[in-house]
Amino acid sequence: MMMLVVIMSLAVFACKGLVQALPFPAPNFNNCNNYQGCCPVPYNGTISEKLYVFDRKLPLRTRPAAHLLDDAYIAKYQRAYRLLRALPDSDPRSWKNQAKLHCAYCNAAFNFDVLTSSGRNSTMRFEVHFGWMFLPWHRFFLYFHERILAKLLGDDDTFALPFWNWDNQSPDPPLANAIPLAFANPMYDKKVQSSLYDERRSRCTKWPNLVDLQNALECANQTLELQTTLRQWNNRLMYTQLVTAAPISRLFFGESYKLGSAPGRGAGTLEVSPHGNVHLWTGNPNATIPFSDMGILQYAALDPIFYAHHANIDRLWEVWKSLPGGNRKDLSQADYLNTQFLFYDENAALVKVQISQALNINNFRYNYEGVPNSWIHEGSDAASAPCFPASTSEINEMILNTPPLSTKNFTTFANSSITFRVRRPVEKQLHRQEVLVIRSLKLEGPNGPALNAFLYFPTANLTTPITCIEFFGKTGGFGVVFGFDLPDSKMEWRLALGYKLQSLGMDQFSHVVVTLVQLGLPQIIQLKNAQIVYFDE
Ligand SMILES: [Cu+2]
């Protein structure tokens, strides 16, 4: 249905002689639907038609790792948030208005009128999550947030946002993957409450508990043994989601999202997990509004750690581009590059930016402190062992004994797992990427169901660790953090297959055998079909 609307609206635009390229123009801040009270402060000035011009004379600033900050930097960092919190609500740069801006861009505050097949206007909500806008929008959001803090400090030239290095599993203190102490301790500077503290955080975040990038293990009172397991699982999740599950841009950045299409067509691997899981891990499930602040889009940016979390996401975008193998480049479609947003800058002027400006980090005049990305090796397939070793003949037998999905009906599974086979095309398409697409996946449920995928491992179940070499992807768990229904409550899940099979040395079989395992309490999950397709980028 959603695709139909897109195709038809494209056709209507084309008939009328309008260009077919349909990037989103900047939303109108003065025409905001005040859903959930998220509208930004209206703007009385004139917005320049020209795009924002970066200050090229700005000295290069290094965003530091939050766990390595010295006392002087922490004091400055805390002062920046005290000053921001002290701005009046009438100031569009204020603390509350920063959070509202994130909410407005994600919770039906801005709507766009589009033409339907019958030539009538239809209104579609705008949403920067769950698709290809996610990374560039947040890069801009953090940049202007950082410039506002720097201006309040009177320190335009050196202040840079710290990043929360939760993907670093080193056991050596200071811990990178626990909540940084400056955030954890409400009375960090002993005199006043820390401006980096938020009382609405999960008990999981109690220092020195470690982040659980899967939300898979009991989080309170972590034993040393549990922490060792967590480190291994976190490394493995990072490796899988950034290396083998995202060898091409479309899988890493997420699906296209153009004017006329409904939001939520599919998040990239980094956005789904680890990004979504860190949000969920931090938010308080027992708060009056469960999972607020960090676990709910509407409130997430009311926790100062939001910005440190997203600085790490932004850093990982750069790390991904530097990884070997695959085709790891920024997207280049015109509709992507020409998508525009508005932000309040440090002088409270509303400025227009476009995604093409976000791709080169040098434009922003910041870089990141060097930290080890040890998951590239420690979580790799090379460092993992098979959990279901099978000979060539055993795998051929497994293929014969595994049924395909029904071609007629939806397949529903309420148990912990489902196993099916998918035929691989006989002719390989060189230079294109083999991807398994699972269509019309209905992943709804009160507990935000999540799935792990395994290859040639029919007995994989809830207790199967992702450290097994057969693990090849994860989705879901975002029901809470994204806080809205996906279009038709169904999605496509795209899993990089060819790259993983080569990594396993198992590229020779006629079919793949796929096992999907539900995490958490079993819920009713539906899927339509699974097919192997080839993607260009
Ligand atoms: Cu986020």
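Residue numbers run consecutively from 1 along every chain, following the written order of its sequence. Local features in this predicted model are restricted to residues of pLDDT 70 or higher, and side-chain atom pairs are both shown and tallied only at a pLDDT of 80 or more, whereas totals for entire chains, interfaces and linings draw on every residue. Where side-chain values are given, they derive from all heavy atoms of the structure, hydrogens and water being excluded.

### Describing the packing of helix H2 (residues 71-86) against helix H4 (residues 134-153)
Interaxial distance between H2 and H4 falls to 9 Å at its minimum, and their mutual angle equals 95°. The orientation of H2 relative to H4 falls into the category roughly perpendicular. From H2, Lys-76, Arg-79, Ala-80, Tyr-81, Leu-83 and Leu-84 reach across to H4, where they touch His-145, Ile-148, Leu-149, Leu-152 and Leu-153. Throughout, the ten residues Ala, Val, Leu, Ile, Met, Phe, Trp, Tyr, Cys and Pro are labelled nonpolar, Asp, Glu, Lys and Arg are labelled charged, and all others, Gly among them, are labelled polar. Broken down by class, the residue content of the contact of H2 with H4 amounts to eight nonpolar, one polar and two charged. To get an axis, fit a line to the C-alpha atoms, keeping to the stretch in contact for a helix; angles then go from 0 to 180 degrees between the N-to-C directions. Numbered from the N terminus, helices here are DSSP runs of H or I no shorter than four residues, and strands are runs of E no shorter than two. Here the angle decides the label: under 35 degrees means roughly parallel, over 145 means roughly antiparallel, 65 to 115 means roughly perpendicular, and every other value means oblique. Whether two residues are in contact is decided by their heavy atoms: any pair within 4.5 Å suffices.

### Examining the confidence of the model for the protein chain
A low pLDDT means the predicted coordinates there should not be read in detail. Confidence along the protein chain averages 88 in pLDDT terms, with 91% of residues attaining 70 or more. Counted against residues more than four places away or in other chains, residues 1-21, with its pLDDT under 50, gives 24 contacts. Values of pLDDT, ranging from 0 to 100, describe the predictor's confidence in every residue of the model. In this model, residues 480-488 is a region of pLDDT below 50 whose contacts with residues beyond four sequence positions or in other chains number 29 contacts.

### Considerations on the state of the cysteines
Cysteine sulfur pairs qualify as disulfides if the two atoms are within 2.5 Å. Counted according to the given criterion, the structure contains three disulfides. Note on Cys-106: no disulfide assigned, nearest cysteine sulfur contributed by Cys-103 at a separation of 5.1 Å.

### A few points about unusual backbone geometry
Look at the link from Trp-207 to Pro-208: it is a cis peptide, with omega at 5°. The omega torsion across Ser-273 and Pro-274 is 25°, close enough to zero to call that bond cis. By the element assignment, Pro-274 lies in helix H8 (residues 269-282). Although it is not a glycine, Phe-130 adopts a positive phi angle of roughly 65°. Secondary-structure assignment places Phe-130 in the loop between strand S3 (121-125) and H4. Between buried and exposed lies partly exposed: a residue is buried under 20% and exposed over 50% of the maximum accessible area for its type, with that area taken using a 1.4 Å probe on protein chains only. Phe-130 sits in the buried class, given a relative accessible area of 1%.

### Notes on the packing of aromatic side chains
Side-chain rings of Phe, Tyr and Trp, where Trp is taken by its six-membered ring, are said to pair if the distance between their centres is within 6.5 Å; with planes under 30 degrees apart they count as stacked, over 60 as edge-to-face, and otherwise as tilted. For the structure shown, the criterion picks out 50 aromatic pairs. Measuring from centroid to centroid gives 5.8 Å for Tyr-81 and Trp-95, while their planes differ by 90°, and the two rings are edge-to-face. Of this pair, Tyr-81 sits in helix H2 while Trp-95 sits in helix H3 (residues 95-104); the two residues are 14 residues apart in sequence, bridging distant segments of the chain. The pair Tyr-81 / Trp-95 is uniform in exposure class, with both members buried. Ring plane angle 40° and centroid distance 6.1 Å describe the contact between Phe-140 and Phe-343, whose orientation is recorded as tilted. Taken together, the positions of Phe-140 in helix H4 and Phe-343 in strand S4 (residues 340-344) put the pair 203 residues apart, joining distant regions of the chain.

### Some words on the sheet that holds strand S9 (residues 433-441)
If DSSP finds at least two bridges between two strands, the strands pair. As summarised here, the arrangement of the three strands in space is S12-S9-S15, forming an open sheet in which the pairing is antiparallel. The sheet is open, and its two borders are formed by strand S12 (491-496) and strand S15 (529-535), each paired with just one other strand. Strand-to-strand, the axes of this sheet are offset by a mean angle of 30°, without reference to chain direction. Note that S9 and S12 share five bridges and pair antiparallel. Considered in S12, the bridge of Val-437 is made with Arg-494.

### Section: the coordination of the copper ion
Of the protein atoms, only His-275 (NE2), His-279 (NE2) and His-310 (NE2) coordinate the copper ion, at distances of 1.9 to 2.0 Å. Binding-site remark: the copper ion is held by donors from one chain whose sequence spacing is H-x3-H-x30-H. In this pair, His-279 sits in helix H8 while His-310 sits in helix H10 (residues 305-322), placing the two residues 31 residues apart along the sequence. Exposure class is identical for His-279 and His-310. Each is buried. Note that water is not among the atoms considered, so a metal site may appear incomplete; the donors listed are N, O and S atoms within 2.8 Å of the metal, with 3.2 Å applied to Na, K and Ca.

### Comments concerning the packing of helix H6 (residues 224-244) against H8
The geometry of H6 relative to H8 is characterised by a closest axis approach of 9 Å and an angle of 165° between their N-to-C directions. If you check the angle between H6 and H8, you find them roughly antiparallel. Along this stretch, H6 crosses H8, giving a crossing that reads as left-handed. Judged by residue contacts, Leu-237, Met-238, Gln-241 and Leu-242 of H6 engage Thr-269, Leu-270, Ser-273 and Pro-274 from H8. Its residues assigned to classes, the contact of H6 with H8 comprises five nonpolar, three polar and no charged. In this scheme the handedness of a crossing depends on how the near helix is turned from the far one: anticlockwise by less than a right angle means left-handed, clockwise means right-handed.

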